[in-house]
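Overview (structure and organization)
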2 protein chains.
Amino acid sequence: MAKPKKTPRPKAETPKGFRDYFGAEVTQRTEMLRDIAGVYHRYGFEALESSAVETVEALGKFLPDVDRPNEGVFAWQESEDDGAGDWMALRYDLTAPLARVYAQHRNDLPTPYRRYAMGPVWRNEKPGPGRYRQFYQCDADTVGSASMAADAEICAMLSDTLETVGIPRGDYVVRVNNRKVLNGVLETMGLADEGQRDAVLRTIDKFDKVGEDGVRELLGKGRLDASGAFIDGVGLSDDQAGPVLAFLTSRGADAATTVANLRAAVGASQIGVQGIDELEQIGDLLAAGGYGPDRIVIDPSVVRGLGYYTGPVYEAELTFEIFDEKGRKRQFGSVSGGGRYDDLVKRFTGQEVPATGVSIGVDRLLAALREKGRIRTAERGPVVVTVMDRDRMADYQAMVAELRNAGIRAEVYLGNPKNFGNQLKYADKRNSPVAVIEGGDERANGVVQIKDLILGAQIAANATLEEWKERPSQYEVARADLVAKVREILAEQAG
Amino acid sequence: MAKPKKTPRPKAETPKGFRDYFGAEVTQRTEMLRDIAGVYHRYGFEALESSAVETVEALGKFLPDVDRPNEGVFAWQESEDDGAGDWMALRYDLTAPLARVYAQHRNDLPTPYRRYAMGPVWRNEKPGPGRYRQFYQCDADTVGSASMAADAEICAMLSDTLETVGIPRGDYVVRVNNRKVLNGVLETMGLADEGQRDAVLRTIDKFDKVGEDGVRELLGKGRLDASGAFIDGVGLSDDQAGPVLAFLTSRGADAATTVANLRAAVGASQIGVQGIDELEQIGDLLAAGGYGPDRIVIDPSVVRGLGYYTGPVYEAELTFEIFDEKGRKRQFGSVSGGGRYDDLVKRFTGQEVPATGVSIGVDRLLAALREKGRIRTAERGPVVVTVMDRDRMADYQAMVAELRNAGIRAEVYLGNPKNFGNQLKYADKRNSPVAVIEGGDERANGVVQIKDLILGAQIAANATLEEWKERPSQYEVARADLVAKVREILAEQAG
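Residues numbered from 1 in each chain as written. Chains lettered and ligands numbered in written order. Predicted model: local features only at pLDDT ≥ 70, side-chain atom pairs only at ≥ 80, totals over all residues. Heavy atoms only, no water.

Some details on the overall build of chain A
Where we set the bar: Helix and strand assignments follow DSSP, with helices taken as H or I runs no shorter than four residues and strands as E runs no shorter than two, numbered in order from the N terminus. As defined in this context, the radius of gyration uses C-alpha atoms, and a globule is described by 2.2 Å times the residue total to the power 0.38. Only protein chains enter the accessibility calculation, which uses a 1.4 Å probe. A residue is then buried if its area is under 20% of the maximum for its type, exposed if over 50%, and partly exposed in between. Contacts are assigned to residue pairs with any non-hydrogen atoms lying within 4.5 Å of each other. Every accessible area reported is derived by Shrake-Rupley at a probe size of 1.4 Å, with residue values counting cover from the shown protein chains alone. His is not counted, nor are the chain ends; Lys and Arg add positive charge and Asp and Glu add negative charge. The atom standing in for a charge is NZ when the residue is Lys, CZ when it is Arg, CG when it is Asp and CD when it is Glu.
Within chain A, the secondary structure is distributed over 19 helices and 19 strands. On C-alpha atoms alone, chain A measures out to a radius of gyration of 30 Å, which is more than a quarter above the 23 Å that the 2.2 N^0.38 rule sets for 495 residues. The principal-axis extents of the C-alpha atoms in chain A amount to approximately 95 × 70 × 55 Å. Looking at chain A residue by residue over its 495 residues, the buried ones come to 54%. In chain A, the share of contacts with a sequence separation of at least 24, taken over all contacts with a separation of at least 6, comes to 65%. Carbon and sulfur atoms provide 48% of the accessible area of chain A, an area that totals close to 22200 Å². Computed over 64 positive and 75 negative side-chain charges, the separation of the two mean positions in chain A equals 6 Å.

Structure (structure tokens):
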């Protein structure tokens, strides 16, 4: 028979910009999602899992202007026979699918509709260090309510969520702002020229980076940036720039002071006054629920997302410091953001539907908890029952069955048992806490050897210390006491 | 200003062959996956979450033979600049990605590598009723062990898993067979012609449907099927067909009888004897672990998957009866299958790596539990605090905060509060157990009204019965007793 032609071997590689998650990385995220879902559920939100695939038409935003609508999304065209050549794409967030689902099922869904969703989203972007093309989002939105109580509720829920997953009070703050206040400020300034308005908005977006003085310069004549380049200013007079700076720096010692400062900044602007009234309402509702300024504050310096949202915006920031990759201290920063947007469903139905919601960056939150040592990076492995005599595999299986029935994570060594050293190396690689050994002698005497691998490693690392030497890390116990002894060692290790 | 041109509204539709999952559908699956992961973890398996996207090259199986490799998978071509024009695809199962991951990371992974994976997979197939293009798989595989203990362990784990998710012993059976035994049977028959061999294999695949007599006819001269059409037979003599029928019907009252029957069927075939020895080993190991024939049996009539796998195959079947869509009784059938396959990693590395694993159909298992009434199809909604006076929203928020802090799922009504009837309709749509009402009078008297909505609905449905009329479904309690009374009603409803 002729040998089949050899085809070159495929490369075993994760596609560029994607990654695999192993062991504790997966289980810790699963646990965090479960905890977050628990809070969302307690607040009356319902789970929704929409399909990962949407028509490009329903996703919107990325409509094809060329042959291939793959800017920003992963998209493909259905073959003519089963999809009439429709373009399909992977969802790029969880909000666009919510809009589609709500428009499609609005007659069956309650109004208001509180829903949460968690799962991967995909972005067809140039991958960079730490930037992946598939990542998790974890959203909660209330569709169909114009009430500020909906926004206040989301802020309270965000605060509860952070504390539930392990960020203690004092290590985070939820900041609230309102797009309408900014609109009021712009109205007060009386900028007739739209180009100038846009330039002011872009400048406000830089407040995080350049601060009050930087914004003043950029609104006026311009500014030398750190690299020595001169950035042209918007060309406003100091008087004209006043309301913007008053807005950005209006946060006072308490909510009342902040609100008073804001009222001064927006003057007689109706939309501005409305925005401030909304912020006051949110503040009152949160205070009534017991959410004080140690958790949620009105902060006009929150500018991220102001362009996208139509009313209140909110952001959760972790306030503790970490060391960045260059060893410099910096605040951990934002882990969640959201706000009110009112054109969610309109593109489908023509009807305006008010909505407000939040998205939590689960992977960033996990990174924060690991950074603070609040979750272990390595998971404890299973108890390993070693194989001394391959013909007695049934005996070893009976041991692991006993251990598992007692709720103890356990496995029998399934590799080639010839070299016993390999079995202990395997246990080490698995991060196993305990190894069980039963050779012919033990069998004859009705006993097993139980090795405390954690203590054993500590003794090995500190071999010169007398105190270690005296502590045994291996025990011989009656076969009948296997489960009890293993449980005892595990409890000691955990304590 | 000129009005922007109107573009036609996009359709709000789930893409063809996809669906959305709401509320309990999502949470029940999440809970089931958590329970299954718990068992897998206890057996020493490690979580793995690979990317949903793979290169078509790594996925294999569906290599492009035309311009567009979208047969069976959803695939697209990367743009030249960021992926050198590689073809990418959504994974169609969790085994192909495991092969890629193991080949890529084999130097860092323990050997043997026990891993579990759960998540959606995608198939580019013609959608049909109840057949979706995105569905969940839930796999566990052991890579790098040739030991039958690995197969026995997977069978035991499958049995434990089914009981853990709520299928009691007696309502399921795990059946084990071995491809090598069939190979031995074919060898014994001495079929020289490959076409005839294939025809025999195809006939064996029909055993489930046509039974022993049907297979005998199809191996011989042929058979009239139910529609009256005559199906040509393979053309074997009764003597020649004997071993196949002996193989298929060799299951005896106990494992020893089955094994003896199988030995007769394979005669002197070396591969056949090896297959039977493997089955015996698996049986011994399972018996040692306490897994008797009430849970796991050796059953040569398991033919599904015999073509794909290289050694042991296993299948979990639910044995209780359900009514199908036509009202006929039938067995629920298979919810899981797996087996040993040894060419997993070879395409990447050239090295043969033995592997064995199982896949659980989570959605079918959920359907089975719903069918048996073991999980509720509708979830209990939140307690709804109604809004009698929109200016006192802060008071209502304080009530829900109290309820939530006591661990009770609760929300305030966020729609337009004008029409109180709409608020109760909303509570009904949410499947709420309790509504809380506090109008001006209640406020003045320091009390709240608490409506038991479940009892209320029962009374409404049985309005003529005196006994119902006498039971109150609405209580007035002191505001301070809100949480205690709600908790009491919820406990009564649950009991």
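That covers the picture; the talk isn't over yet.
Topic: the interface of chain A and chain B
Buried accessible area, meaning the area lost when the parts come together, often serves as the stated size of an interface. Keep this limit in mind: A simple way to read buried area is as the amount of 1.4 Å-probe accessible surface that goes missing from two parts once joined, with both sides added. By definition, a salt bridge exists where a carboxyl oxygen of Asp or Glu is found within 4 Å of a side-chain nitrogen of Lys or Arg. Charged residues are taken to be Asp, Glu, Lys and Arg, nonpolar residues to be Ala, Val, Leu, Ile, Met, Phe, Trp, Tyr, Cys and Pro, and polar residues to be all remaining types, Gly included. Only strands that DSSP links by at least two bridges are regarded as paired with each other.
Taken together, the contacts link 103 residues of chain A with 103 residues of chain B. Surface buried jointly by chain A and chain B totals about 8500 Å² across both partners, of which 53% is contributed by carbon and sulfur atoms. Per-residue buried area on chain A facing chain B is highest for A:Glu49, A:Arg404 and A:Leu414; these three make up 9% of the total on that side. Counting every contact that joins chain A to chain B gives 14 salt bridges. When grouped by side-chain class, the residues that make up the side of chain A that touches chain B number 44 nonpolar, 27 polar and 32 charged. Relative to strand S2 (residues 46-49) of chain B, strand S1 (residues 21-22) of chain A runs antiparallel, the two being bridged by two bridges. In the strand pairing of S2(B), A:Tyr21 is matched with B:Glu49.

Things to note about the relation of the copies chain A and chain B
What counts is decided by this rule: To superpose the copies, least squares is applied to the C-alpha atoms of every residue with a pLDDT of at least 70 in both.
With an RMSD of 0.1 Å, chain A superimposes on chain B once it is rotated by 180 degrees and translated 0.0 Å along the axis. Both copies of the chain, as the preceding transformation shows, are related through a two-fold rotation axis. Considering only C-alpha atoms, the residue of chain A closest to the rotation axis is A:Trp76, which sits at 2.7 Å. In this assembly the copies share their binding face: 100% of the residues contributing to the interface of chain A also contribute to that of chain B.

Concerning the packing of helix H1 (residues 24-42) of chain A against helix H13 (residues 362-371) of chain A
Residues and elements named next belong to chain A. To keep things clear, this is the line we draw: Axis lines are fitted to C-alpha atoms, over the contacting stretch for helices. Their N-to-C directions set the angle, which ranges from 0 to 180 degrees. Small angles under 35 degrees read as roughly parallel and large ones over 145 as roughly antiparallel, with 65 to 115 read as roughly perpendicular and the rest as oblique.
Here H1 crosses H13 at 110 degrees, and the two axes come no closer than 11 Å. Accordingly, the angle class assigned to the pair H1 and H13 is roughly perpendicular. Facing H1, whose interface residues are Glu-25, Gln-28, Arg-29, Met-32 and Leu-33, H13 presents Val-362, Asp-363, Leu-365, Leu-366, Leu-369 and Arg-370. Considered class by class, the residues forming the contact of H1 with H13 number six nonpolar, one polar and four charged.

Thoughts on the packing of helix H11 (residues 270-288) of chain A against helix H14 (residues 393-405) of chain B
As a reminder, the rule being used: Should the near helix be turned anticlockwise from the far one by less than a right angle, the crossing is termed left-handed; should it be turned clockwise, right-handed.
At a minimum axis distance of 8 Å, the contact between H11(A) and H14(B) shows a crossing angle of 40 degrees. The pairing of H11(A) with H14(B) is recorded here as oblique in orientation. The handedness of the crossing between H11(A) and H14(B) is right-handed. Each of A:Asp284, A:Leu285 and A:Ala288 in H11(A) lies in contact with H14(B), whose residues at this interface are B:Met393, B:Ala394, B:Gln397 and B:Ala398. Looking at the contact of H11(A) with H14(B) residue by residue, the class counts come to five nonpolar, one polar and one charged.

Observations concerning helix H9 (residues 238-248) of chain A
Residues A:Ala241, A:Pro243, A:Val244, A:Leu245, A:Phe247 and A:Leu248 constitute the buried set of H9(A). Those residues of H9(A) that are buried lie in contact with strand S8 (172-178), helix H6 (179-189), helix H7 (194-204), helix H8 (207-219) and helix H10 (255-266) of chain A.

Some details on the packing of aromatic side chains
Applicable threshold: Each Phe, Tyr or Trp ring (for Trp, its six-membered ring) is paired with any other whose centre lies within 6.5 Å, and the angle between the two planes then decides the class: stacked below 30 degrees, edge-to-face above 60, tilted in between. Charges are assigned to positions over rings by a cutoff of 6 Å between ring centre and Lys NZ or Arg CZ, combined with an angular limit of 35 degrees from the ring normal.
Evaluated as defined, the whole model comprises 18 aromatic pairs over all chains. In textbook terms, an aromatic cluster arises when at least three aromatic residues are bridged by ring pairs, as seen for A:Phe18, A:Phe74, A:Trp76, B:Phe18, B:Phe74 and B:Trp76. Cation over ring: A:Arg19 sits above A:Tyr132, and NZ or CZ is 5.8 Å from the ring centre. Its end group placed over the ring of A:Tyr475, A:Lys485 keeps NZ or CZ at 4.1 Å from the ring centre.

Describing the pairing of strand S5 (residues 87-90) of chain A
Residues and elements named next belong to chain A. Alternating residues of S5 divide into Trp-87 and Ala-89 and Met-88 and Leu-90, and every residue in both groups is buried. Note: strand S3 (residues 53-55) against S5, three bridges, orientation antiparallel. If you follow Val-53 over to S5, its bridge partner there is Leu-90.

Observations regarding the sheet that holds strand S3 (residues 53-55) of chain B
Residue and element names in this part refer to chain B. Strand order across the open sheet formed by three strands is S3-S5-S4, with antiparallel pairing between neighbours. On the outer flanks of this sheet lie S3 and strand S4 (75-77), each paired with one strand and no other. On average, each strand axis in the sheet is tilted by 30 degrees relative to the strand beside it, whichever way the strands run.

Examining the domain arrangement of chain A
The line we're drawing: An automatic or database domain assignment is the source of the domain bounds shown.
Taken as a whole, chain A is organised into domain 1 (24-208 + 266-371) and domain 2 (383-494). Using C-alpha coordinates to define each centre, domain 1 of chain A is positioned 50 Å away from domain 2 of chain A.

Structural notes on the pattern of salt bridges
Applying the stated criterion to the full structure yields 73 salt bridges over all chains. A:Arg114 is the salt-bridge partner of A:Glu153, the closest N and O atoms lying 2.9 Å from each other. Remark: A:Arg114 occurs in strand S6 (residues 113-122) and A:Glu153 occurs in helix H5 (residues 148-165); sequence separation between them is 39 residues. A relative accessible area of 1% means that A:Glu153 is categorised as buried. Taking the relative accessible area as the measure of exposure, A:Arg114 reaches 1% and is therefore buried. Linked by salt bridges that have partners in common, A:Glu46, A:Arg114, A:Glu153, B:Arg404, B:Arg409, B:Glu411 and B:Arg430 make up one network.

Points about helix H17 (residues 453-461) of chain B
Residues and elements named next belong to chain B. We count it as follows: The directions from the helix axis to the C-beta atoms form the arc being described. Two N or O atoms count as a polar contact when they lie within 3.5 Å, although within protein this holds only if one can serve as hydrogen donor and the other as acceptor, and sequence-adjacent residues are included solely when both atoms are side-chain atoms.
Those residues of H17 that sit buried are Leu-453, Leu-455 and Ile-459. Buried residues along H17 cover an arc of 155 degrees about the axis, so they all sit on one side. The distance from a side-chain oxygen at the start of H17 to the backbone nitrogen of Ile-454 is 3.2 Å, and the residue carrying that oxygen is Asp-452.

A closer look at the pairing of strand S13 (residues 329-341) of chain A
Residues and elements named next belong to chain A. Burial analysis of S13 places ten of its 13 residues in the buried class, the great majority of the element. Of the strand pairs in this sheet, strand S12 (residues 312-323) and S13 are connected by nine bridges, and their pairing is antiparallel. What sits directly across from Glu-315, in S13, is Gly-337. Counted along the chain from S12 to the antiparallel partner S13, the turn is five residues long, and its residue Gly-327 has a positive phi close to 80 degrees. Judged from the six bridges that link them, S13 and strand S14 (residues 355-360) form a sheet pairing that is antiparallel. Residue pairing across strands places Ser-336 opposite Ile-360, the latter belonging to S14.

A few points about the environment of A:Thr161
Residue and element names in this part refer to chain A. On the secondary structure map, Thr-161 appears in helix H5. Taking the C-alpha atoms as reference points, Thr-161 and Gly-327, 166 residues apart in sequence, are found 30 Å from one another. In this view, Thr-161 contacts Ile-36, Val-39, Tyr-40 and Ile-360; residues no more than four positions away in its chain are not counted.

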